[in-house]
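Structure assessment
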Amino acid sequence: MTGKREHNEQHDQEPARHRRDKGLQRRRVLIGGGTVAVAGGLAAAGFASADTTNSSSTTATSASEATSTVSTDASASSGVCTLTAEVTEGPYSLDGALIREDIRETKEGVEVQYTFTVVDQDNDCAPLADALVELWHCDALGEYSGYVGKNGHTEDDDGTFLRGGVLTDSSGEASLISIWPGHYVSRAVHVHMRVHTDVTIADGTYTGGTVVHTGQLFFDADLNEAVQATSPYSDNTTAETALADDSIYDDGGAASGLLTLTALGSSVSDGYTATLTVGVSTS
């Protein structure tokens, strides 16, 4: 498998095994078509229109109130969807992610339950079934499996923690469980994502296929501040970059990977659900 975007993070020099690409771009493509059928009512989390009559808004209560819900209300016209922003996959990708719903292993942190709906903008935004949704991100101290030590901490490294993926169902939905990422120098808190089609699943991993989306996911700044103040995140003393100052996120809301977050309980430690509709191009 070959990644699709060149490295754009201002951080440590890329490891030799990182795949560098030449096609980095951010895309905003609006298309028209028939009625969009998206299961779970997640269309509002990911569809957006550039038309000023279809504005989106993000609301949140105080970060100290763990029951906060950060929602993006995008009243897009029927059959019109936005191609989710394509960005660099970063220097910490690895091939052959494990096929599994829970990617935490033994890593501690605030639980995040992800639900993604993948739609194909080349097929009237129809749900895309049997696509592999792959995630990877750093732990609470800012370290990636397979690259532990790059961000200043010493810990066990099995090369697989906080990495994995699942296939979308017939409704285009994929659900994964992980922890809220920590932070490291030069980047706001984020999660990496790839969407693959036509992969072969065997022995708990994948081979082959085509990458149809490479993106990054982002978190509401106020809620992130509350999470980063809790243990074990508070043990990370490296500088943190604010979302507004991130070199990748362009303030485009859901179309740029901003997650819709809903608290699972009455405190930050109870965790959050995170939803997003991901528009991809399969052509």
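Residues numbered from 1 in each chain as written. Predicted model: local features only at pLDDT ≥ 70, side-chain atom pairs only at ≥ 80, totals over all residues. Heavy atoms only, no water.

What follows deals with the sheet that holds strand β7 (residues 132-136). In spatial order, the strands read β8-β7-β10-β13; together these 4 strands make up an open sheet with antiparallel pairing. In this open sheet, the two edge strands, each paired with only one partner strand, are β8 (163-167) and β13 (210-218). Averaged over all neighbouring strand pairs, the angle between strand axes comes to 20°, with direction disregarded. In this structure, strand β10 (residues 190-197) lies alongside β13, joined through 8 bridges in antiparallel fashion. Looking at β13, one finds that Arg194 is bridged to Thr214. (Pairing = 2+ DSSP bridges. Helix = DSSP H or I, 4+ residues; strand = E, 2+ residues; numbered from the N terminus. Axes fitted to C-alpha atoms, helices over the stretch in contact; angles between N-to-C directions.)

Turning to the nonpolar core, a few remarks are in order. If you look at the biggest cluster of nonpolar residues, it comprises 39 residues, and the most contacted ones within it are Tyr114, Phe116, Leu135, Trp180, Leu217 and Leu259. Of all the elements in the fold, those that place two or more residues in this core are β5 (111-120), β7, β9 (173-179), β10, β13, α2 (221-228), β14 (260-263) and β15 (272-280). Per-element accounting of this core gives the leading share, 5 residues, to β15. Discounting residues that sit within four places of it in the chain, Phe116 has contacts with Val133, Leu135, Gly172, Glu173, Ala174, Leu176, Met193, Leu217, Leu259, Leu276 and Val278. (Core = buried A, V, L, I, M, F, W, Y, C linked by side-chain atoms within 4.5 Å. Buried < 20%, exposed > 50% of the residue type's maximum accessible area, 1.4 Å probe, protein only. Contact = heavy atoms within 4.5 Å.)

Attention now goes to unusual backbone geometry. Going from Ser231 to Pro232, the amide bond is cis rather than trans, its omega being 5°. Along the chain, Pro232 turns up in the loop between α2 and β14. One non-glycine residue, Asp251, lies in the positive phi region at around 65°. For Asp251, a relative accessible area of 64% translates into the label exposed.

With respect to the helices and strands, the residue Gln121 is situated in the loop between β5 and β6 (126-127). For the pair Gln121 and Ser283, spaced 162 residues apart in the sequence, the C-alpha separation amounts to 9.2 Å. A polar contact is formed between the side chain of Gln121 and the side chain of Asp122, at a distance of 2.6 Å. (Polar contact = N/O pair within 3.5 Å; in protein donor to acceptor, adjacent residues only side chain to side chain.)

Glancing now at the pairing of β10. Counting buried residues in β10 gives 8 out of 8 residues, a clear majority hidden from the surface. Burial along β10 is two-sided: the face carrying His190, His192, Arg194 and His196 and the face carrying Val191, Met193, Val195 and Thr197 are both buried. Two strands pair when backbone bridges link them, and β7 and β10 are joined in this way by 5 bridges, in the antiparallel orientation. Directly across from Leu132, in β10, lies its bridge partner His196.

On to the pattern of salt bridges. Scanning the entire structure with this criterion turns up 8 salt bridges. A salt bridge links Arg104 to Asp102, with the nearest nitrogen and oxygen atoms 2.7 Å apart. Given a relative accessible area of 32%, Asp102 falls into the partly exposed group. We note a salt bridge from Lys107 to Asp139, for which the minimum N-O separation is 3.1 Å. (Salt bridge = Lys/Arg side-chain N within 4 Å of Asp/Glu carboxyl O.)

On to the packing of aromatic side chains. Per the counting criterion, the structure on display carries 8 aromatic pairs. Considering the side-chain rings of Tyr92 and Tyr144, the 4.2 Å spacing of their centres and the 20° angle between planes classify their relative orientation as stacked. Placement of Tyr92 in the loop between β4 (81-82) and β5 and of Tyr144 in the loop between β7 and β8 is noted, with a sequence separation of 52 residues between them. Note on accessibility: Tyr92 and Tyr144 belong to one class, buried. Ring centres of Phe218 and Tyr249 lie 5.0 Å apart, and the angle between their planes is 50°; this geometry places the pair in the tilted category. With Phe218 in strand β13 and Tyr249 in the loop between α2 and β14, this residue pair connects regions lying 31 residues apart in the sequence. For Phe218, a relative accessible area of 1% corresponds to the buried category. A residue is classified by how much of its surface remains accessible, and Tyr249, at 10% relative accessible area, is buried. These aromatic residues form a ring-pair network of at least three members: Tyr92, Tyr144, Tyr147 and Tyr184. (Phe/Tyr/Trp six-rings, centres within 6.5 Å; stacked < 30°, edge-to-face > 60°.)

Before going further, it helps to spend a moment on the environment of Thr117. Assignment of secondary structure puts Thr117 in strand β5. Judged by its relative accessible area of 0%, Thr117 is buried.

Every buried residue belonging to α2 is among Leu223, Asn224, Ala226, Val227 and Gln228, and all of these are buried. The N-cap of α2, judged by a side-chain oxygen 3.2 Å from the amide nitrogen of Asp222 a few residues on, is Asp220.

A word on the confidence of the model for the protein. Predicted coordinates in regions of low pLDDT should not be interpreted in detail. Mean pLDDT over the protein works out to 78, with 72% of the residues at or above the 70 mark. Counting interchain partners and residues more than four positions distant, the pLDDT-below-50 stretch residues 1-79 has 219 contacts. (pLDDT = per-residue confidence, 0-100.)

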